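This is what each chain is made of:
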Amino acid sequence: MIRELKLQRDYLPSDDLHTIYFGGGTPSLLSEKELAFLMDAIKKQFHLKPDAEITLEANPDDLTEDTLATLADQGINRLSIGIQTFHDPHLRFMNRLHTASEAEESVRRAQDAGITNISVDLIYAIPAENDDILLSDIEKALALGVEHISAYCLTVEPKTAFGNWTKTGKMAPIEDEFAARQFEVLISKLQEGGFEQYEISNFARNQKYSRHNSAYWQRRPYLGVGPSAHSYNGASRQYNVSNNAKYLESIKNRVLPITVEILSMEDQVNEYLLTGLRTKWGCRLELLQELSGGSFLMKTGEEIFRLNEIGWLHSRDGLLLLTEKGKLFADQVASRLFLEQTKKG
Amino acid sequence: MKNIRNFCIIAHIDHGKSTLADRLLEYTNTVTNREMQAQLLDNMDLERERGITIKSHAIQMDYILAGEKYTLNLIDTPGHVDFSYEVSRSIAACEGALLLIDASQGIEAQTISNLYLAINHDLIIIPVLNKIDLPGAMPEEVKDQIVDLIGCDRDEIIHASGKEGIGVPDILEAIVHRIPAPKGDPDAPLQALIFDSVFNSYRGIEVIFRIKNGSVRKGDKVKFMATGREYQADEIGTLRLQQQPKDVVECGDVGYLISGIKVAREVKVGDTFTHTNRPSTAMIRGFEEVKPMVFAGIYPVDTSEYEELREAMEKLQLNDASLVWEPETSAALGFGFRCGFLGMLHMEIIQERLEREFDMTVITTVPSVQFRVTTTRGENLKVSAPSEMPEPNFISVIEEPFINAQIISKSEYVGAIMTLCMEKRGMLKNQIYLTSDRVELQFSMPLAEVVFDFFDRLKTISRGYASLDYELTGYEASDMVKLDVMLNGDRVDALSAIVHRTKAYEWGKKLCEKLRELIPRQMFEIAIQAAIGQKIIARETVKAMRKDVLAKCYGGDISRKRKLLEKQKKGKKRMRQVGNVEIPQEAFMAVLKIS
Ligand SMILES: Nc1nc2c(ncn2[C@@H]2O[C@H](COP(=O)(O)OP(=O)(O)O)[C@@H](O)[C@H]2O)c(=O)[nH]1
Ligand SMILES: [Mg+2]
């Protein structure tokens, strides 16, 4: 990865790094030495801002006192902890290695180690008779005093355990009705607890937004390093091969194992809609017009009107924003506003 | 002429007609082994897959018996009730017929009706007991049936196996000895019976004919008597594996004619052609205009493909004279065509050919028969689409076509068949035991009831044993109603149907249920209603979509998710919009699946 970093050093338009995110897999397994090497390499190739947000994704059971001390030493100042739920039967159901009490303890340990900017992941719409477990999950998360919560709906993908279970009838399919209700419960309870929903799945206290993730939604350039990592520089996206062996082989030969995708005008508009609408900052009409060569409003005006009429979308101060109700239909709204691809060359 | 024999093969589907025909062609060296494809006569892909010969053709063989050379014309006949008029014309071109019966199956309904046609045309019948090689063959029992049916001697029945080549010489000898040579006056004015036409994209329409009187020479001016059109015989000849151009086709023989005709419709099966300058005074008896029996709308799935569909339909019509159509518009489906078919099989064939030969995906609307409506003002209307049906208060009488259906089955299934036919508004007219365990049932039934899945259900309840044949008997008054479907109060014209009042309630209920399954949740609740006039008879609801948002959308998810949504959006564009409701194309087909 250090080698790749060198190969990629000119990808970003600027050398300034505002955020770093160690994620995708279990970076908490990195040894002190490995982490130090990586941080050094990054600092050598780029200019890391003094106030940069440096996040590491971790499982609760990896966050021992020692590890936490190392992380803090190396400059990690934000943790994203994959807790999922504080209900042990549900943890087992989802094949998680940690228990609810281990999860709670890991957060406290991190706070004691001085890393106070903590995000926890929660999963909702896990099959249950009522909302009690979700409500208690939310209460426990709030009680821990974390700054940030990411909440994801349980998804049942084909070819996974859940997929097989629903297919064979071992697990009832997740009803939209149930998932939607849990989502609403989640939003209102977190709001009561002082959290702001600044993106469909992300909630923050005291404006402790994930600066790193927000960059994805605001069309800022980013560089991803490692197998299957994605990068974006404004005009194109590229991603590394996901196979570890192929990745290593290619990097060894100083060749980037990337696939590049040039974004057409419509791609850029559609991606901005897709990501921007999900946030509290919405999409700037001016930017949509600019990206579309001035055609966005002409092409979508009628649809915007319709979506406004049914109460899913509104516009204010030159922004397109989802309404509370519209948040349940973010994908639908975005795709209704998508521009059709004119022929790609 | 005394050495010509014209014959056809009457057989039920799968009784081995094509296989036996192959053997005859091989034995007479009409085809070499190299040229031999399995089941030569069925040369359309579609036919081969279905195992039925849809379009009739003819092929000529030379056969030497006792030093004498004979010309045998085998005329192939379509094997489905949809094409029974064409069968009757092929039969009219012959002097004899092989009655081919599968020794393990026995006689079937289609066989009997074609046999009667042949007997009515005074054809000599040669009974052949086929597939005697099968372990399950019941030669004695089936011979009893044959003797009962045609009153022949037992020893007139030839034992054969097309598969093993057994009995082939006996059959050929019997053709020469038992079937008479054509009668006809070679010096009389030309009279040629057109019994088929074949489309050739380079040479136009090839007319297949049998000369009854006189003869025709290359270059002759000929006149088609029913249409009144005149042509020059650019090329004539006889039909071998390849066409064999000739200077003259003689009295009694079978041949083809090419005269630059481009459109199949100009050639009417059953018509007579004669010489322009020495015309015959009479047509050969039995000519009828073929009339479509079943009507349905055909629409492109993708509205932008209307012009392509039109071109495809025009091309189909070049070689299928029985397909009729005219442009039609539907509020729900846009621009399309109202089509008339000979029957349901014909409709399926057209649909399949559109898909295979022209790569078109189409939506077919509810098939309808043609009703006769007398209005309160005394007008007489022909109604073959729900949209043509006047409002109930303007209708005085509706009449619908009835058929006489013959069903032959093993006797153990009689109960189930009776129940099915009664459910289909049938009236039992006659019940005849052909043998101790084979029964022929005759019902008077509305054609409309046979159009919908009757045949499939008959096959199911009889485990494939029952066979069906029918002919139109006339029109009878019926209590028909137009059933409409509304989505959020808007009528969806393409989902309307004309049904019998006693069945309207169930039809409406099932259709609403089916639509509820097929219409996806949308931004608002959708009321599905079935109505007769103003009266709602069934209702279902599609609840409003509750959510449509995926959980995560980070750096690596963005382009994949955009592509996914773009693809979904494209799929949606193929949906049809009625009022504010989006209807997937399967919903329009749902009607066909109601029973
Ligand atoms: N055992 C046996 N099978 C036969 C014989 N003739 C035809 N078949 C089989 O019966 C099926 C239908 O034959 P085919 O000639 O296509 O029947 P067609 O529908 O009347 O033209 C095929 O699977 C043939 O192989 C026969 O004499 N003996
Ligand atoms: Mg066949």
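Each value, and the rule that gives it
- Residues numbered from 1 in each chain as written.
- Chains lettered and ligands numbered in written order.
- Predicted model: local features only at pLDDT ≥ 70, side-chain atom pairs only at ≥ 80, totals over all residues.
- Helix = DSSP H or I, 4+ residues; strand = E, 2+ residues; numbered from the N terminus.
- Buried ≥ 20, exposed ≤ 12 C-beta atoms within 10 Å, placed from the backbone.
- Contact = placed C-beta atoms within 7 Å.
- Near = placed C-beta within 6 Å.
- Nonpolar A, V, L, I, M, F, W, Y, C, P; charged D, E, K, R; others polar.
- Core = buried A, V, L, I, M, F, W, Y, C linked by C-beta atoms within 7 Å.
- UniProt positions renumbered as here; feature names shortened; annotations may be inferred.
- Pairing = 2+ DSSP bridges.
- Axes fitted to C-alpha atoms, helices over the stretch in contact; angles between N-to-C directions.
- Parallel < 35°, antiparallel > 145°, perpendicular 65-115°, else oblique.
- Left-handed = near helix turned anticlockwise from the far one by under 90°.
- Domains from an automatic or database assignment.

Caption draft 1: Expanded view of the overall build of chain A. Scanning chain A for helices and strands turns up 14 helices and 13 strands. For the C-alpha atoms alone, the extent of chain A along its principal axes is close to 60 × 55 × 45 Å. The buried share of chain A, reckoned over its 345 residues, is 38%. Within chain A, contacts between residues at least 6 apart in sequence are counted, and of these 65% link residues at least 24 apart.

Caption draft 2: Layout of the site of ligand 1. Residues and elements named next belong to chain B. Close contacts around ligand 1 come from 17 residues, with Gly16, Lys17, Ser18, Thr19 and Lys163 the closest. Here the element with the most residues in the shell around ligand 1 is helix α1 (residues 17–27); it accounts for three residues. Of the residues in the shell around ligand 1, the class split is three nonpolar, nine polar and five charged.

Caption draft 3: Quick look at the nonpolar core. Among the nonpolar cores identified, the biggest contains 162 residues, and Ile10(B), Ala97(B), Leu98(B), Leu99(B) and Phe209(B) are the most heavily contacted of them. Once residues lying within four places of it in the same chain are set aside, the contact partners of Ala97(B) are Phe7(B), Cys8(B), Ile9(B), Ile10(B), Ala118(B), Leu123(B) and Ile125(B). By size, the runner-up hydrophobic cluster in this structure holds 73 residues, among which are Leu63(A), Val146(A), Leu313(A) and Leu320(A).

Caption draft 4: Molecular detail of the UniProt feature "binding site: GTP" (unreviewed entry) in chain B. All names here are of chain B. Within the UniProt annotation, "binding site: GTP" (unreviewed entry) is assigned to Asp14, His15, Gly16, Lys17, Ser18, Thr19, Asn130, Lys131, Ile132 and Asp133. Looking at the element boundaries, Asp14 is found in the loop between β1 (4–11) and α1. The exposure class assigned to Asp14 is partly exposed, which follows from the 15 C-beta atoms found within 10 Å. Here Gly16 lies in the loop between β1 and α1. Setting aside anything within four residues of it in sequence, one finds Gly16 in contact with Ala11, Leu100, Asp102, Asn130, Lys131 and Gly162.

Caption draft 5: Representation of the interface of chain A and chain B within the structure. In this complex, chain A contributes 34 residues to the contact, which on the side of chain B involves 20 residues. Of all the secondary structure elements, the ones that give two or more residues to the side of chain A that touches chain B are β5 (148–153), α8 (176–192), α9 (211–217), β8 (230–232), β9 (236–240), α11 (265–276) and α14 (330–337) of chain A. Of the residues assigned to the side of chain A that touches chain B, the class counts are 17 nonpolar, nine polar and eight charged.

Caption draft 6: Geometry of the sheet that holds strand β10 (residues 258–262) of chain A. Residues and elements named next belong to chain A. If you walk across this open sheet you meet the three strands as β8-β9-β10, and the pairing is antiparallel. Looking at strand neighbours, the two that pair on one side only are β8 and β10, the edges of this open sheet. Between one strand and the next, the sheet's axes are offset by a mean angle of 20°, whatever the strand orientation. Inspection of the sheet shows β9 paired to β10 by five bridges, in the antiparallel sense. The partner of Gln238 across the bridge, within β10, is Val260.

Caption draft 7: Looking closely at the packing of helix α6 (residues 132–143) of chain A against α8(A). Residue and element names in this part refer to chain A. Packing of α6 against α8 brings their axes to within 10 Å, and their N-to-C directions diverge by 30°. By the angle class used here, α6 and α8 are roughly parallel. Like other packed secondary-structure pairs, α6 and α8 cross with a definite hand, here right-handed. Listed contacts from α8 to Leu134, Leu135 and Ile138 of α6 are Gln182, Val185, Leu186, Lys189 and Leu190.

Caption draft 8: Region of the structure containing the domain arrangement of chain A. When its domains are assigned, chain A resolves into domain 1 (2–216), domain 2 (226–262) and domain 3 (265–337). Between domain 2 of chain A and domain 3 of chain A, the C-alpha centre-to-centre distance is 31 Å.

Caption draft 9: Looking closely at the pairing of strand β27 (residues 480–487) of chain B. Residue and element names in this part refer to chain B. Within β27, eight of the eight residues are buried, which leaves the element mostly enclosed by the surrounding structure. What you see with β27 is no split at all: Met480, Lys482, Asp484 and Met486 on one side and Val481, Leu483, Val485 and Leu487 on the other are buried throughout. In the sheet, β27 pairs with strand β29 (residues 497–500) via four bridges, with the strands oriented antiparallel. The residue of β29 that forms the bridge with Leu483 is Ala497. Bridge count for β27 against strand β30 (residues 526–532) is five bridges, and the pairing is antiparallel. By the bridge assignment for β30, Leu483 is matched with Ile532. Judged from the two bridges that link them, β27 and strand β28 (residues 490–491) form a sheet pairing that is antiparallel. Bridge pairing links Leu487 to Asp490 in β28. Between β27 and β28, which pair antiparallel one after the other, the connecting turn spans two residues, and Asn488 there sits at a positive phi close to 45°.

Caption draft 10: Fine view of helix α3 (residues 84–92) of chain B. Residue and element names in this part refer to chain B. The buried fraction of α3 is high, at eight of nine residues. Those residues of α3 that fall on the buried side of the exposure criterion are Ser84, Glu86, Val87, Ser88, Arg89, Ser90, Ile91 and Ala92. Structurally, α3 contributes buried residues whose contacts are with β1, β3 (68–75), α4 (109–120) and β7 (191–200).

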